[in-house]
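Fold and contact review
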Amino acid sequence: MGTEIEAKMKVSDFAPLRSKLQSLGAKRLGMELETNNFFDAPDQHLQKEDRGLRIRVAVDEAGKSHCTVTMKGPLQKGPFKTREEIEFTASDPDAVRAIFENLGFGLTLSFQKRRESWSFGGCSVELDDLPFLGKYVEIEGKTEKEIADARNALGLADLSSISSGYIALLSRYLQEHQIPERHIRF
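In this text the structure is predicted, and so the values were computed from the model without any measurement.

Details of the overall build of the protein
What the protein contains, in helices and strands, is five helices and nine strands. Here the C-alpha atoms of the protein give a radius of gyration of 17 Å, agreeing with the 16 Å that 2.2 N^0.38 yields for 186 residues. Expressed along its principal axes, the backbone C-alpha trace of the protein runs to roughly 50 × 40 × 35 Å. Expressed as a percentage of its 186 residues, the buried residues of the protein come to 41%. Long-range pairs, those at least 24 residues apart, make up 65% of the contacts in the protein between residues at least 6 apart in sequence. With the model as given, the accessible surface of the protein reaches about 9,900 Å², and the carbon-plus-sulfur share is 51%.

Okay, here's the thing in structure tokens:
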């Protein structure tokens, strides 16, 4: 079990940030295409409790895929997005989905995300591109100080930090634009 602490900011372009990461000696870890599948009970109690249950299948630049199963707890108070996070890898995402469905959890939303990962200042820096939503930067670290230091060094301190998860942002967008599709792809 662990705690996820991150700063998330919307940006218009990744090019200046990539240049800044390179000039500061950050290490590029690679790029993946993720498919994030979120599940909930018919009464939507996970969403009502600000919890999340996800199966993520990511395919890297070499075509290798891996699956991560995640449970996220409710948002905690603080300057950055902080919440309990329990994760493990699984070799068979279809088996995990079958287990979830047999326990009464159905798929509520599935969406793709392109993620370019960097390591900088003890933090993970993720450049995320999502259908409909656009480009975001996530800086995740072990402490708020690490995150704040990385954010300042990258010149992102003036951008508003977003505490909502991508599922909430995308769900809101789909509802506002009356888009019924629940499988969002590039």
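Next comes the rest of the write-up.
Quick notes on the layout of surface pockets
The probe, sized like a water molecule, is rolled over the atoms to show the empty space still left. Within this model, the largest pocket holds a volume of roughly 910 Å³. Within the lining of the largest pocket, the residues separate by chemical class into 11 nonpolar, 13 polar and 21 charged.

Topic: helix H3 (residues 93–102)
Backbone nitrogen of Asp94 and a side-chain oxygen of the N-cap are separated by 3.1 Å at the start of H3; the cap is Asp92. Gly104 sits one or two residues past H3 and shows a positive phi near 95 degrees.

Describing the pattern of salt bridges
Opposite charge on two side chains allows them to pair when their charged atoms are near. Under the counting rule described, the total for this entry stands at 20 salt bridges. When the shortest N-O distance is used, the salt bridge between Arg18 and Glu116 registers 2.7 Å. Taken together, the residues span a long stretch of sequence, with Arg18 in helix H1 (residues 15–23) and Glu116 in strand S6 (residues 106–120) at a distance of 98 residues. The exposure class assigned to Arg18 is partly exposed, which follows from its relative accessible area of 29%. Of the charged contacts in the structure, one is a salt bridge between Arg114 and Asp129, with a shortest N-O distance of 3.8 Å. Residue Arg114 is found in strand S6, and its partner Asp129 is found in strand S7 (residues 123–130); the two are separated by 15 residues along the sequence. Residues joined in a network through salt bridges with shared partners are Lys8, Glu34, Arg56, Lys113, Arg115, Glu126, Asp128 and Glu138.

As for unusual backbone geometry
Most peptide bonds take the trans form, and the phi angle of most residues other than glycine is negative. A positive phi angle, near 60 degrees, is found at Asp50, a position not held by glycine. Take Asp50: its relative accessible area is 34%, and that puts it in the partly exposed class. Here the phi dihedral of Phe132 falls at roughly 70 degrees; this positive angle occurs in a residue that is not glycine. Along the chain, Phe132 turns up in the loop between S7 and strand S8 (134–140).

Cut-offs applied
Residues numbered from 1 in each chain as written. Predicted model: local features only at pLDDT ≥ 70, side-chain atom pairs only at ≥ 80, totals over all residues. Heavy atoms only, no water. Helix = DSSP H or I, 4+ residues; strand = E, 2+ residues; numbered from the N terminus. Rg over C-alpha atoms; globule rule 2.2 N^0.38 Å. Buried < 20%, exposed > 50% of the residue type's maximum accessible area, 1.4 Å probe, protein only. Contact = heavy atoms within 4.5 Å. Areas by Shrake-Rupley, 256 points an atom, 1.4 Å probe, with all protein chains shown as cover. 1 Å grid on protein atoms, 1.4 Å probe; cavity = no way out; pocket = protein on both sides within 12 Å on 5 of 7 lines; lining within 4 Å. Points joined across faces, edges and corners; volume = space filled by probe spheres on them. Nonpolar A, V, L, I, M, F, W, Y, C, P; charged D, E, K, R; others polar. Polar contact = N/O pair within 3.5 Å; in protein donor to acceptor, adjacent residues only side chain to side chain. Salt bridge = Lys/Arg side-chain N within 4 Å of Asp/Glu carboxyl O.

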